[in-house]
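# Examination of the molecular architecture
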Amino acid sequence: MEPEQNSEQKKPRENLVAGIVGAFLGSLIGVACIVLLNQLGYVAAISGVVMAVCALKGYALLGGRLSKRGAVISGLLILVMTYIANKLCFAFAVAEAFSDTRGVNLFTAYQSIGALLETGEISRLYWGELALLYLFTLLGGVPVIVNALRDPVHI
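Values in this document were obtained by computation on a predicted structure and should not be read as measured data. (Residues numbered from 1 in each chain as written. Predicted model: local features only at pLDDT ≥ 70, side-chain atom pairs only at ≥ 80, totals over all residues. Heavy atoms only, no water.)

With that out of the way, let us pick up the packing of helix H2 (residues 16-39) against helix H4 (residues 68-102). Close contact between H2 and H4 brings their axes to 8 Å; oriented N to C, the two are set at 35°. Here H2 runs over H4; the crossing is right-handed. Residues Leu16, Ile20, Ala23, Phe24, Ser27, Leu28, Val31, Ile34, Val35, Asn38 and Gln39 of H2 form the contact with H4, whose own contacting residues are Arg69, Ile73, Ser74, Leu77, Met81, Ala85, Leu88, Cys89 and Phe92. The residue inventory of the contact of H2 with H4, partitioned by class, reads 15 nonpolar, 4 polar and 1 charged. (Axes fitted to C-alpha atoms, helices over the stretch in contact; angles between N-to-C directions. Helix = DSSP H or I, 4+ residues; strand = E, 2+ residues; numbered from the N terminus. Left-handed = near helix turned anticlockwise from the far one by under 90°. Contact = heavy atoms within 4.5 Å. Nonpolar A, V, L, I, M, F, W, Y, C, P; charged D, E, K, R; others polar.)

Now the structure itself:
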């Protein structure tokens, strides 16, 4: 029983709430990376790597350690924040397109994305870009998550 106690004592205790906050803050860096690359005209797997590494590292830093539960929570957060990043990219495009003629700002553009999707104006492009972004995020993020679960010390 002694070896079990020693291994338990070496593992820091996981703080779930702090870990979620850390993963959220880390995923915001990933969102910024996606939006920045999009503004430069790219959708790249590197944004998925950045999103995954930052979310997992944020969870581990604030949560004390990365557990399987933490990796799952971070993975779900990565999926949600990827969706938000895509919507934000389109909001930037809408705001840019209509800023001169109608004075549309980013906040108004973000709110209008749902209505634009219903009318079909941008529907095909939006869902295609989202699918591509998810694909790249999964290609970049899944290996990072798998490696983090294998060796949580080196994320």
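Right, let's talk about a nonpolar patch on the surface for a bit. Residues Val17, Val21, Phe24, Leu25, Leu28, Leu61 and Leu62 make up a contiguous nonpolar surface patch of about 640 Å² in total accessible area. Those elements that provide at least two residues to the nonpolar patch are H2 and helix H3 (45-63). A per-element tally of the nonpolar patch places H2 first, with 5 residues. Residue placement: Leu62 occurs in helix H3. Relative accessible area serves as the criterion here: at 44%, Leu62 is assigned to the partly exposed category. (Patch = residues over 30% accessible without salt bridge, like charges linked within 9 Å, V, L, I, M, F, W, Y side chains within 5 Å. Areas by Shrake-Rupley, 256 points an atom, 1.4 Å probe, with all protein chains shown as cover. Salt bridge = Lys/Arg side-chain N within 4 Å of Asp/Glu carboxyl O. Buried < 20%, exposed > 50% of the residue type's maximum accessible area, 1.4 Å probe, protein only.)

Note that Ile113 resides in helix H5 (residues 106-119). Judged by its relative accessible area of 0%, Ile113 falls in the buried class. With residues near it in sequence (within four places) discarded, Ile113 still touches Lys87, Phe90, Ala91, Val94, Ile122 and Tyr126.

Moving on, we get to the confidence of the model for the chain. As a note on interpretation, predicted positions should not be read in detail where pLDDT is low. Scored by pLDDT, the chain comes out at a mean of 84, with 90% of its residues at no less than 70. Mean pLDDT values over the elements of the chain span from 51, in helix H1 (residues 2-10), up to 93, in H2. (pLDDT = per-residue confidence, 0-100.)

Ranked by internal contacts, the top residues of the largest apolar core, which has 21 residues, are Val31, Ile34, Met51, Leu56, Leu66 and Ile78. Going through the elements one at a time, H2, H3, H4 and helix H6 (123-150) are the ones with two or more residues in this core. Listed in part, the 10 residues of the second largest apolar core include Ala91, Ala109, Leu117 and Ile122. (Core = buried A, V, L, I, M, F, W, Y, C linked by side-chain atoms within 4.5 Å.)

With that settled, consider H2. Quick reminder: α-helices carry 3.6 residues per turn. Residues three or four places apart thus point the same way. The end-to-end C-alpha separation of H2 is 34 Å, in line with the 34 Å expected for 24 residues at 1.5 Å each. Lining the buried residues of H2 we find H3, H4 and H6. Taken from the residues just after H2, Gly41 is the one with a positive phi, measuring 95°. (Expected span 1.5 Å × (residues − 1).)

Glancing now at the side chain of Ser27. Here Ser27 is to be found in helix H2. For Ser27, the residues in contact, after removing those within four places along its chain, are Met51, Ala55, Leu77 and Met81.

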